[in-house]
Structures are given as structure tokens and as C-alpha cells.
Amino acid sequence: MRCKAVRSIDPARRQEDPGREVRPRIAGSGRTSARRAWTPFALAALLAPAAWAADAPSFAKDVAPIFAKNCIGCHASGTKLGALSLSTYEEMLQGGHRGPVVAPGKSAESRLYLVIAGKADPGMPLGGEKLAAGEIETIRKWIDAGAKGPAAGETVRLSSAVKVPEIRPRVAVKPQIFSLAFQPGGKMIALGGFREVRLRETGSSKVVRTLGEHADAVRSLAFSRDGTLLAAAGGLPGRKGEVRIWSVEDGKLQRTIEGHADCIYAAAFSPDARTVATSSYDKLIKIWEVASGRELRTLKDHIDAVYALAFTPDGTRLISGAADRTVKIWNPATGERLYTMGEPADGINAIAIHPTGKLVAAAGLDKSIRVWSLGDRSGTLLHSLIAHEDAILRIAWSSDGKLLASASADGTIKVFRAEDLTEIKSIGGQPDWVYGIEFSPDGKLLAAGRFDGSLSIYDTQKFNDLTELRTASR
Ligand code: HEC
């Protein structure tokens, strides 16, 4: 199984085409219908590859200019969306995050051709107009004739050597928000985006620091309790999980941990910050020693993707929520699974822990929020509420324990009185899915970061949006 196949609300599904306009939609409803209609191919496609060998297009003269005009804005050495650079022939050969994009002699097996011809998703140029039929044909012929590089002595470096008026993507690549976390102390807010994390001042829109080079979407962010370390987790769908641990003060990368057979959806520091726990689409939870990056243990009992993970404040329990409809309580010191709460009727996307560590809330595809009290050997269901009209994506508990907030695919954020789940406020009209929601440590603010890159910071008295901090303004 791969992230792509997830039936539930899965950021990876949307991240497949990050630049495309995506509207909130319900779980399992498949792709948006916004896909352009690709016109069928001319008869040239029927001709045998050999027929073209004689007048094979040249990389330097024919192919590179097409990349320069249409692709380089997103696929230059420095940008490399999809981990693919088209700046030089050699870099192109290295391929993107799914591997090589050109199979010399075989256009039908070359992602580079398939995505521009509309035969594979996501269509390229992403979010832009389809290439002219002649340009697509040029690339097809060039691949079928062997995808030869520049001739000896002929150098092609698109970003500098080839003179093109001004190259920019036809559509702005929006810096989506896949995750969000307040720094303890509340001075900064971390926003997890596509391959990067932005640290910005809570009170202004100033980006203090950008932490880069992540493998893919940063799906989970966790600060250490003292606010000095930030764990940013994600990885490549279907391939590996990745956690990068950053020193917040100077922006230095402390460590990169790679593990799991699929991407990581949640990461959490133990309260003493000596370990970091991760949960993945591969159904496993792993605990790592921060100082060495060593894997300490694997927690195995979930039978589907594990989307949510949290330590109790005393560090004696680790709690996980998974697509298998369960919430599980673990002893992180031994790896023992203590017990399971199985009431949810569908997959869990999010959990939140009360500041005392004695209660846990979970929510997901069944649109409901449930709150349990945690005993030593079992949990007791205290409240269950069908809170939304569609799947719940994220939930958050305020630091004083009084409020619970939820964000749903139905386009609303709701705030509840935690003790009895009475609805206090509904904030409708969310422009896109909210993948990050958290109360500030002082409880005065509620931040919501969305897939479209927008960020709202609401006050927790009247729930006015204090700032429309457009993250595009970086
Ligand atoms: C607006 C930005 C943008 C533009 C313009 C763009 N791309 Fe992409 N491209 C992306 C992103 C983002 C990805 C990663 C998508 C993914 O696989 O998740 C990508 C991925 C790819 C991949 C890898 C697909 C795979 O599955 O490995 C190929 C090949 C590709 N682009 C080719 C092109 C070509 C050729 C052009 C120009 C005709 C182009 N792109 C223009 C953003 C862009």
C-alpha cells in the first residue's frame, strides 16, 4: 500500500499536485474534476520510433528551449519541485523523487513525456496550459530517438546559458501548509510546507527562518518542551520516512533520521526531548534517540496507517490514532501496548491530549469527536459527538484544557467547551482544508494553516481573524 491509495483524508493525495487549485472535498471522492481535457494525439504517434532517428530533435536546439520556456521556473537546480531539475541534461537524467523520468528510446515509459502528454498525473506544466502539440511531439521524438544529450563541446545550462526573456512559472507555486506548531513560549509559529518549514514571528508576518531540503511535504511538526528543538517529519510516499531535527535558535540541522517504509504522518518529542516518536503509513510507530538518531524500538499493533501520535505530559504514555479506527495507549519505555479504544466508527486522523494527560480526544472520518479518560488498564469513553458534516482533519486542546478545536473537510473550524463538548463557536467559510490547527501556549490565539497556504490567527475571545497572514508574501 502506498500513501496515494489512501481512502481517507490524506495530505499526500493532495500533495501529488501541489500547485493545482483544490477545493475542499469529501473523503474518498477522488480527484477534482478540474483536470483539463487533453486532446488526443495526431497520427505521428503511430509512426515507429526508427522513422525519426534521422531527423531526431537536438537536446540543445529543440528540447532545452521547451524546458526553458515552460518548466524551468519549477524545475531549476535550486527549485527542483518533485526533486526534478531540468537545468542540465545530466541533472535531468537523475530524475525526480520517483526515480528516472526518461527511458531512452521509450517515450511510453518516460514520465517526462507522459506528464506533458496528459497520459499521467500530475499533468505538466503543473497548473499551466498544456504544451503545444508540436512541442510534445518534439520531446516524444527526442526520447524515442534515444534521448541523446548535447553534442561534445555543446553546453546547455538552461538557467544561465540559454537566454530566455524571463522565466517564471505560469502559476505561482503556493507554499501550502501541511502542518503547524507554536513554539512553547509562543514567540514563533512553525509552518510545514512542501519541502520546507517556515518559522515566523507569531505577532507579525515576518519569516525569521526557512528550514529547507526536506524530502517532500512536511506533514508533522513538533517542538521540544523547552522550545529549542523542532522535529519536522514527512518523507517520500511509498518509499521512506524522514525526520529532520533543527535547532530553533540558529537554524542548524542537528540530525536527519530516515526510517519507516513509507512517509511519516506524526512526530512527537518525549517531554525530556531525549527521544522522538514517529508514526507512519507503514502502520508502525518508532522511537528514536535524538542524540544519536538510533532507533530504540518499534511499536507494532496497528493494522493500518498511523496518523496521530502524542506523549502524555509526564512521558509515561504514548498515544496513537490510526486509520484502523483505533486509539492505542503504549508504554514508550518498554514498547508494550497497554490497551486499545475501539469505539470510533471509521479511521482516526487526529488526537489531542488534555494538559493533565488524563484525557485524550480523537477524531476522524466518522465526523465525530470522542473523549476518553485514561486509566491504567483501560480507557473510559466520556463524550462522543458528531461534530461536523464531513471528516475531521485536525483537533487541538487549549493549554488550560478548557477548549477543544476541530477543523473539518466540511469547511468549518469549531470550538467546543471541552468538559461537555458544547459548541461555542463555528468559524465557517474556510477557503481550503485546514491541516494545522493549534492554540497558542498562552491560550489567547488559535492558529489555522491551510493547504492553500493561507494562515489565520483567531483570538479565543471573539474568534475574530486577527491577521490574514498570506504566506505567499515571503
Ligand atoms: C508550476 C510549477 C511546475 C511547472 C511549471 C512544471 N512542473 Fe513538473 N513538477 C512540479 C511539481 C510540484 C512536481 C512534483 C509533483 C509530484 O510528483 O508530486 C513536478 C513533477 C514533475 C515530474 C516528475 C513526475 C514524476 O512522477 O516523477 C516531471 C517529469 C515533470 N514535473 C516535468 C515537467 C515538465 C517537462 C515541465 C515543463 C513542460 C514541468 N514539469 C513544469 C511543478 C511544476
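Residues numbered from 1 in each chain as written. Predicted model: local features only at pLDDT ≥ 70, side-chain atom pairs only at ≥ 80, totals over all residues.

### Notes on the overall build of the protein
Part 1 of the reasoning: Helix and strand counts for the protein stand at six helices and 28 strands.
Part 2 of the reasoning: Per-residue burial over the protein gives 49% buried out of 474 residues.
Part 3 of the reasoning: Long-range contacts, defined here as pairs at least 24 residues apart, represent 48% of the contacts in the protein between residues at least 6 apart. (Helix = DSSP H or I, 4+ residues; strand = E, 2+ residues; numbered from the N terminus. Buried ≥ 20, exposed ≤ 12 C-beta atoms within 10 Å, placed from the backbone. Contact = placed C-beta atoms within 7 Å.)

### Points about the sheet that holds strand E16 (residues 336-341)
The strands that make up a sheet pair up through hydrogen bonds in the backbone, lying either parallel or antiparallel.
Part 1 of the reasoning: Spatially, four strands are ordered E13-E14-E15-E16 in an open sheet, and the strand pairing comes out antiparallel. Lying at the two open borders of the sheet, with one neighbouring strand each, are strand E13 (306-311) and E16. On average, each strand axis in the sheet is inclined to that of its neighbour by 20 degrees, with strand direction left out of account.
Part 2 of the reasoning: With four bridges connecting them, strand E14 (residues 318-322) and strand E15 (residues 327-331) associate as antiparallel partners. What sits directly across from Gly321, in E15, is Val327. (Pairing = 2+ DSSP bridges. Axes fitted to C-alpha atoms, helices over the stretch in contact; angles between N-to-C directions.)

### A short note on the pairing of strand E18 (residues 359-364)
Part 1 of the reasoning: Of all six residues making up E18, six are buried, and the element is well covered by its neighbours.
Part 2 of the reasoning: Residues Leu359, Ala361 and Ala363 point to one face of E18 and Val360, Ala362 and Gly364 to the other, with burial holding for every one of them.
Part 3 of the reasoning: Note that strand E17 (residues 348-353) and E18 share five bridges and pair antiparallel. When the sheet's bridge partners are listed, Ile348 is paired in E18 with Gly364.
Part 4 of the reasoning: Connecting E17 to the next strand, E18, in antiparallel fashion are five residues, including Gly357 with a positive phi near 80 degrees.
Part 5 of the reasoning: Where E18 meets strand E19 (residues 368-374), five bridges bridge the pair, whose relative direction is antiparallel. Within the sheet, the bridge partner assigned to Leu359 lies in E19 and is Ser373.
Part 6 of the reasoning: Linking E18 to E19, which pair antiparallel, is a turn of three residues; within it Lys367 sits at a positive phi near 70 degrees.

### Observations regarding the environment of Ser58
Part 1 of the reasoning: By the element assignment, Ser58 lies in the loop between helix H1 (11-15) and helix H2 (59-70).
Part 2 of the reasoning: Residues Ser58 and Lys148, 90 residues apart in the sequence, show an inter-C-alpha distance of 7.6 Å.

### Thoughts on the environment of Ile72
Part 1 of the reasoning: If you trace the backbone, Ile72 turns up in helix H3 (residues 72-75).
Part 2 of the reasoning: In the structure, Ile72 is positioned 14 residues away from Leu86 in sequence and 6.5 Å away in space, judged by C-alpha atoms.

### What to know about the nonpolar core
Part 1 of the reasoning: Core analysis: the biggest nonpolar cluster contains 104 residues, and Ala231, Ile351 and Ala361 have the highest contact counts within it.
Part 2 of the reasoning: If near-sequence neighbours (up to four positions away) are discounted, Ala361 is found in contact with Ile351, Ala352, Ile369, Arg370, Val371, Ile395, Trp397 and Leu404.
Part 3 of the reasoning: Counting 29 residues, the second largest nonpolar core, distinct from the first, contains Ile66, Leu84, Leu126 and Trp142. (Core = buried A, V, L, I, M, F, W, Y, C linked by C-beta atoms within 7 Å.)

### Some thoughts on the confidence of the model for the protein
Part 1 of the reasoning: For the protein, the mean per-residue pLDDT works out to 84, and 82% of the residues sit at or above 70.
Part 2 of the reasoning: Counting interchain partners and residues more than four positions distant, the pLDDT-below-50 stretch residues 11-53 has 62 contacts.
Part 3 of the reasoning: Ignoring residues within four places in sequence, the model shows residues 160-172, a span with pLDDT below 50, making 21 contacts including any to other chains. (pLDDT = per-residue confidence, 0-100.)

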